[in-house]
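Here is how the chains run, residue by residue.
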Amino acid sequence: MSMKRREFITLLGGAATTWPLAARAQQQAMPVIGVLSASTPADRSYVVTAFRRGVRESGYVEGQNVTIEYRWAQDQYDQLPDLAADLVRRQVAVIAAADTPSATAAKAATSTIPIVFITGGDPVQMGLVTSLNRPGGNITGISFMLGALGAKQLGLLHDLLPGAVRIAVLVDPHFPITEPFVSDVRAAASAIGKKIEVLPASTGRDIDTVFGSLAQKPVDALVVGPSVLTNNRRVQLATLAAYRRVPAIYSLREAAEVGGLMSYGASITDAHRQTGIYTGRILKGEKPADLPVIQSSKFEFVINLNTARAFDLSFPPGLLAIADEVIE
């Protein structure tokens, strides 16, 4: 039985109407991940790539079967509560909190939407979870324990510069893990008969001021504490340390890659990849309370020999031997 021309046109018209509706329905059904960060997009592109890789390893590809929305506080921590509340209103499927301040803000914003955090501190001490093995509630994540590495970093500096007398620690006083980090460094310094001077900096301008003050009161060595600020300002810090000829150690390898003398800490890119994997597992139906907090076990000691030569410093063979990477 043949179809009349008018019926055929009507059928096509109906299909043309149905397909866009179906496409929109599929798009609406696509789960949404909300990424909350205290930083800026330009400073965090490399960890966003790592996060997406982890999400993809779990079977989700942005734009195909998952949507990712980003909220950036632009280094303004006080903006995080409003940004977290916006993600809650958006009714995202999971909130991925990309740093310690974001984790705190996300936890305060919701007790129902699953949260996957990344932090350099102890999530139990900070009140994010009840225990590492059984986080409880709607939250779990990754801890790469930067707050507990201050003693190790000071020890590496001491091995390089055993005669250093004036040792300073540059920290962001507003960052949640600063206090335990400074306590760790101070205890380690006391054990080897040294004292430390704490240099606070909360903005890029503060960092300039701190290094300006070193012209009048020079230090022999510097430990740069972990924070969103010091990571984002790693080029500024490495440049000023070179200009003032201050040997410094940092918490993340990315600082050594841009000219910092050396770094010791967990791999932040691997931690963000793990965050992406956990986010994907939750999208598939697993509960945060049943996913133990992952503690990073991959630590990296990176030496920049180009910077050492500029400082006229020679690394002892023992330090070179234990380095995971030597940049030349």
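Values in this document were obtained by computation on a predicted structure and should not be read as measured data.

1. Some thoughts on the packing of helix α7 (residues 204-213) against helix α9 (residues 234-244)
Thought 1: Relative orientation of the contacting elements α7 and α9 amounts to 10 degrees, with a least axis distance of 10 Å. Taken together, the axes of α7 and α9 are roughly parallel relative to one another. In this structure, α7 crosses over α9, and the sense of that crossing is right-handed. Of the residues in α9, those in contact with Gly204, Ile207, Asp208, Phe211 and Gly212 of α7 are Gln236, Leu237, Leu240, Ala241 and Arg244.
Thought 2: Taken together, the residues of the contact of α7 with α9 break down into 5 nonpolar, 3 polar and 2 charged.

2. Quick notes on the confidence of the model for the protein
Thought 1: Across the protein, the average pLDDT comes to 90, with 91% of residues at 70 or higher.
Thought 2: Note that residues 1-27 has pLDDT below 50 and, in this model, 3 contacts with residues that lie over four places away or in other chains.

3. Observations concerning the sheet that holds strand β6 (residues 167-171)
Thought 1: Overall, mixed pairing links the 7 strands, which are arranged β7-β6-β8-β9-β10-β12-β13 in an open sheet. A single partner strand is all that each edge strand has here, and the edge strands are β7 (196-200) and β13 (325-327). On average, adjacent strands in this sheet sit at an angle of 20 degrees to one another, irrespective of strand direction.
Thought 2: Taken together, the 5 bridges between β6 and β7 define a ladder with parallel strand orientation. Residue pairing for β7: valine 171 is matched across the bridge by proline 200.
Thought 3: Most of the contacts of helix α5 (residues 150-160) go to strand β10 (residues 262-266), to which it runs at about 155 degrees, and overall it touches β6, β8 (221-224), β9 (248-250), β10 and β12 (299-304).

4. Overview of the pairing of β6
Thought 1: Of all 5 residues in β6, 5 are buried, a share of seventy percent or more.
Thought 2: Covered by surrounding structure in β6 are Ile167, Val169 and Val171 together with Ala168 and Leu170, the residues of both alternating faces.
Thought 3: Sheet topology note: the β6/β8 ladder contains 4 bridges and is parallel. Along β8, the bridge assignment pairs leucine 170 with valine 224.

5. Describing the side chain of histidine 272
Thought 1: Checked against the element boundaries, histidine 272 lands in helix α11 (residues 268-283).
Thought 2: Using a relative accessible area of 4% as the deciding quantity, one classes histidine 272 as buried.

6. What about the sheet that holds strand β2 (residues 67-72)?
Thought 1: The parallel open sheet is built from 6 strands, whose spatial order is β2-β1-β3-β4-β5-β11. Only two strands of the sheet have a single partner each, and these edge strands are β2 and β11 (294-295).
Thought 2: In the packing of helix α3 (residues 80-90) onto the sheet, the strands contacted are β1 (32-37), β2 and β3 (94-97), and the crossing angle to β1 comes to about 175 degrees.
Thought 3: Running over the sheet, helix α4 (residues 100-109) touches β1, β3, β4 (115-119) and β5 (139-143) and is turned about 150 degrees from β4.

7. A closer look at unusual backbone geometry
Thought 1: Positive phi, close to 55 degrees, is recorded for glutamine 74, a residue that is not glycine.
Thought 2: Looking at where glutamine 74 falls in the secondary structure, it is placed in the loop between β2 and α3.
Thought 3: Of note in the backbone geometry, aspartate 75 takes a positive phi value of approximately 70 degrees without being a glycine.
Thought 4: As for its position among the elements, aspartate 75 is in the loop between β2 and α3.

8. Re the packing of aromatic side chains
Thought 1: Within this structure, the stated rule accounts for 3 aromatic pairs.
Thought 2: Centre to centre, the rings of tyrosine 77 and phenylalanine 175 are 6.5 Å apart; their planes meet at 50 degrees, and the pair counts as tilted. In this pair, tyrosine 77 sits in the loop between β2 and α3 while phenylalanine 175 sits in the loop between β6 and α6 (178-191), placing the two residues 98 residues apart along the sequence.
Thought 3: By relative accessible area, which is 21% here, tyrosine 77 ends up partly exposed.
Thought 4: You can call phenylalanine 175 buried: its relative accessible area is 8%.
Thought 5: Lying across the ring of tyrosine 264, lysine 152 places its NZ or CZ 5.7 Å from the centre.
Thought 6: Sitting over the ring of phenylalanine 311, arginine 245 keeps its end group 5.8 Å from the ring centre.

Cut-offs applied
- Residues numbered from 1 in each chain as written.
- Predicted model: local features only at pLDDT ≥ 70, side-chain atom pairs only at ≥ 80, totals over all residues.
- Heavy atoms only, no water.
- Axes fitted to C-alpha atoms, helices over the stretch in contact; angles between N-to-C directions.
- Helix = DSSP H or I, 4+ residues; strand = E, 2+ residues; numbered from the N terminus.
- Parallel < 35°, antiparallel > 145°, perpendicular 65-115°, else oblique.
- Left-handed = near helix turned anticlockwise from the far one by under 90°.
- Contact = heavy atoms within 4.5 Å.
- Nonpolar A, V, L, I, M, F, W, Y, C, P; charged D, E, K, R; others polar.
- pLDDT = per-residue confidence, 0-100.
- Pairing = 2+ DSSP bridges.
- Buried < 20%, exposed > 50% of the residue type's maximum accessible area, 1.4 Å probe, protein only.
- Phe/Tyr/Trp six-rings, centres within 6.5 Å; stacked < 30°, edge-to-face > 60°.
- Lys NZ or Arg CZ within 6 Å of the ring centre and 35° of its normal.

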